[in-house]
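Each chain, written out:
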Amino acid sequence: MDCIFEKKRSVLHPTPIFNQFITQKNGVEIFLKREDLLHPLVSGNKFRKLKYNLQEAKKQGKDTILTFGGAFSNHILATSAAAKLSDFKSIGIIRGEELGGENLEKTLLQNETLRNAKDMGMQLLFIDRETYRNKDNPMFIEGLKSKLGDFYLVPEGGTNDLAIKGCEEILSEADKDVEVVCCSVGTGGTLSGIINSSHEQQHILGFSALKGDFLKDEVAQHVEKKNWQIIIDYHFGGYAKVDRTLIDFMNDFKANYKVLLDPIYTGKMMYGIFDRIEKGQFSKNTRILAVHTGGLQGISGINKRLVKKNLPKIST
């Protein structure tokens with residue numbers, strides 16, 4: 001895969017990805033595609049989503065990348081790193097006006113994600129949640145350009161047509177023999193890319209990290225194949241919600257298989273896969289390839305919340 005970054009290719013070129021055998025349960029084999037190892041700063045599906053967007057920004061002659069995200073957004077940090085390494089300026093519009101202003105110093109002290117993004121050179125602008133809902137409104141975007149100057153827009157979560165194109169490169173020819181491919185779902189871009197590049201005989205399962213059954217309509221806009229479904233039973237209460245059951249599963253997974261999962265996406269997906277195997281929902285001799293989409297940098301923020309709730313921390 002070509003590197004999205006043009007300078008220092010030997011340093012910034014992505015690490016080759018491999019499929020790690022995890023275990024066999026009830027006659028079902030589980031493999032993990034280690035996309036989390038793709039790049040030290042822009043890992044997993046964030047690298048895939050940004051690759052062609054940064055190429056397009058250069059093609060258009062833009063010098064600034066602007067995007068949106070929450071206070072612990074993997075996408076915000078990945079965009080700031082990718083922009084710096086590709087000689088772009090970057091702007092992050094952050095949900096939560098109360099985090100900025102006179103509280104900014106405290107926010108950066110307590111929030112490793114935003115602190116690291118700022119250290120990467122990202123300009124952080126905090127807006128209230130009601131205004132943030134306009135992030136897809138063309139008039140709102142034009143208003144930002146009038147205040148901030150011209151920029152190349154990458155949407156919240158990074159999903160657009162170019163992001164999906166990048167995610168189509170997750171599966172390779174070597175993956176054609178697995179019967180089931182699984183990935184977590186947030187905005188639907190990664191799942192859409194995997195569906196587009198999948199073989200017809202494969203079944204693609206997306207494990208939603210969000211509460212509700214609306215993501216299938218979003219994904220359906222980007223795919224033509226019918227070999228997929230979205231599982232909505234393993235969100236653990238909604239986006240970024242975790243409980244002791246999930247924490248214990250993730251810590252056991254790390255102890256048993258020496259792989260760290262993230263609690264927002266991949267941890268919930270792997271829990272769902274194991275649970276469905278236990279319930280006999282996969283045929284014997286099925287080979288499952290689960291995609292590890294990265295996102296590990298967010299664990300420190302989640303652990304701070306867990307301590308406040310007197311819950312055990314995620315082992316790192």
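This text goes with the structure placed above it.
If you're wondering where the values come from, they're calculated on a predicted model, not measured in any experiment.

Undergrad: What is the right way to look at the pattern of salt bridges in this model?
TA: Opposite charge on two side chains permits them to pair, given that their charged atoms come into close proximity. Considering all chains together, one arrives at 16 salt bridges under this definition. Linking Asp150 and Lys145 is a salt bridge whose minimum nitrogen-to-oxygen distance equals 3.9 Å. Residue Asp275 pairs with Lys279 through a salt bridge whose shortest N-O separation is 3.0 Å. One network of salt bridges, with partners in common, ties together Lys62, Lys145 and Asp150.

Undergrad: Is there a simple way to explain the sheet that holds strand 5 (residues 122-127) in this structure?
TA: Strand pairing in a sheet takes place through backbone hydrogen bonds and is either antiparallel or parallel in direction. On the basis of which strands lie adjacent, the open sheet formed by 4 strands has the order 5-4-3-6 and parallel pairing. The strands lining the two open edges of the sheet, one partner per strand, are strand 5 and strand 6 (152-153). Across 6 bridges, the pairing between strand 4 (residues 89-95) and strand 5 is parallel. By the bridge assignment, Ile91 is partnered in strand 5 with Gln123. Packing against the sheet, helix 3 (residues 74-85) makes contact with strand 3 (64-69), strand 4 and strand 5, and its axis sits at approximately 170 degrees to strand 3.

Undergrad: Explain the sheet that holds strand 9 (residues 228-231) to me, please; I cannot follow it from the model alone.
TA: Strand order across the open sheet formed by 6 strands is 1-2-10-7-8-9, with mixed pairing between neighbours. Sheet topology places strand 1 (19-25) and strand 9 at the edges, where each strand pairs with a single neighbour. Ignoring which end each strand starts from, the neighbouring axes of this sheet average 25 degrees apart. Here strand 7 (residues 180-185) runs beside strand 10 (residues 287-291); their pairing, made up of 3 bridges, is parallel. Its bridge partner lying in strand 10, Cys182 is registered against Ala290.

Undergrad: Is there a simple way to explain the packing of aromatic side chains in this structure?
TA: Given two aromatic rings, one states the distance between the centres and the angle between the planes to describe the pair. This structure, assessed with the given rule, holds 13 aromatic pairs. Geometrically, the ring pair formed by Phe253 and Phe274 is edge-to-face, given 6.0 Å between the ring centres and 65 degrees between the ring planes. Taken together, the positions of Phe253 in helix 11 (residues 244-257) and Phe274 in helix 12 (residues 266-278) put the pair 21 residues apart, joining distant regions of the chain. For the pair shown, Phe253 and Phe274 are each scored as buried. The ring of Tyr132 has Arg95 sitting right over it, with the charged end atom 5.2 Å from the ring centre. Seen from the ring of Phe151, Lys145 lies directly overhead, with NZ or CZ sitting 5.4 Å from the centre.

Undergrad: Looking at this structure, I do not really get the packing of helix 3 against helix 5 (residues 112-119). What am I missing?
TA: A pair of packed helices is characterised by two quantities: the angle between their axes and the separation of those axes. Here helix 3 crosses helix 5 at 15 degrees, and the two axes come no closer than 9 Å. Judged by the angle between their axes, helix 3 and helix 5 are roughly parallel. Considering the relative orientation of helix 3 and helix 5, their crossing is left-handed. When helix 3 is examined against helix 5, the residues Ile76, Leu77, Ser80 and Lys84 are found in contact with a partner set consisting of Thr113, Leu114, Asn116, Ala117 and Asp119. Across the contact of helix 3 with helix 5, the residue classes tally to 4 nonpolar, 3 polar and 2 charged.

Calculation criteria
Residues numbered from 1 in each chain as written. Predicted model: local features only at pLDDT ≥ 70, side-chain atom pairs only at ≥ 80, totals over all residues. Heavy atoms only, no water. Salt bridge = Lys/Arg side-chain N within 4 Å of Asp/Glu carboxyl O. Pairing = 2+ DSSP bridges. Helix = DSSP H or I, 4+ residues; strand = E, 2+ residues; numbered from the N terminus. Contact = heavy atoms within 4.5 Å. Axes fitted to C-alpha atoms, helices over the stretch in contact; angles between N-to-C directions. Phe/Tyr/Trp six-rings, centres within 6.5 Å; stacked < 30°, edge-to-face > 60°. Buried < 20%, exposed > 50% of the residue type's maximum accessible area, 1.4 Å probe, protein only. Lys NZ or Arg CZ within 6 Å of the ring centre and 35° of its normal. Parallel < 35°, antiparallel > 145°, perpendicular 65-115°, else oblique. Left-handed = near helix turned anticlockwise from the far one by under 90°. Nonpolar A, V, L, I, M, F, W, Y, C, P; charged D, E, K, R; others polar.

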